[in-house]
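Residue strings, one per chain:
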Amino acid sequence: MSTEKSSTGLSWILFIVSTVIMLLMLIWVPQWFWVALPFSLTYLVQAMRLM
């Protein structure tokens, strides 16, 4: 079995960017903030290497 060592830096950056976008949407268009929610949660899970 081979183990793959991948950096999670990109996933952390994407998580932060998508979270900022989600928070901005929550401020200005609260009825649509859920559109950005799956991206934020997906990148968090990838950054924590749970997926």
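Fair warning: this is a prediction, and the values are worked out from it, not measured in the lab. (Residues numbered from 1 in each chain as written. Predicted model: local features only at pLDDT ≥ 70, side-chain atom pairs only at ≥ 80, totals over all residues. Heavy atoms only, no water.)

**So, the overall build of the protein**
When helices and strands are counted, the protein shows 2 helices and 0 strands. Against the 2.2 N^0.38 benchmark of 10 Å for 51 residues, the protein shows a C-alpha radius of gyration of 13 Å, more extended than a compact globule. When the 51 residues of the protein are sorted by exposure, 18% land in the buried category. A fraction of 52% describes how many contacts in the protein between residues 6 or more apart in sequence connect residues 24 or more apart. When the accessible area of the protein is evaluated, it comes to approximately 4300 Å², of which 74% is carbon and sulfur surface. (Helix = DSSP H or I, 4+ residues; strand = E, 2+ residues; numbered from the N terminus. Rg over C-alpha atoms; globule rule 2.2 N^0.38 Å. Buried < 20%, exposed > 50% of the residue type's maximum accessible area, 1.4 Å probe, protein only. Contact = heavy atoms within 4.5 Å. Areas by Shrake-Rupley, 256 points an atom, 1.4 Å probe, with all protein chains shown as cover.)

**As for a nonpolar patch on the surface**
Together, Ile16, Val20, Leu24, Ile27, Trp28, Val29, Trp32, Trp34 and Val35 give the surface a local cluster of nonpolar side chains, amounting to about 930 Å² of exposed area. With respect to the helices, strands and loops of the structure, valine 29 is situated in the loop between α1 (9–28) and α2 (37–47). (Patch = residues over 30% accessible without salt bridge, like charges linked within 9 Å, V, L, I, M, F, W, Y side chains within 5 Å. Salt bridge = Lys/Arg side-chain N within 4 Å of Asp/Glu carboxyl O.)

**Some remarks on the environment of leucine 10**
By the element assignment, leucine 10 lies in helix α1. Along the sequence, leucine 10 and alanine 47 sit 37 residues apart, while their C-alpha atoms lie 8.0 Å from each other.

**A word on the environment of methionine 22**
Structurally, methionine 22 can be placed in helix α1. Overall, the relative accessible area of 13% leaves methionine 22 in the buried class. Here the alpha-carbon distance between methionine 22 and serine 40, two residues 18 residues apart in the chain, equals 7.7 Å.

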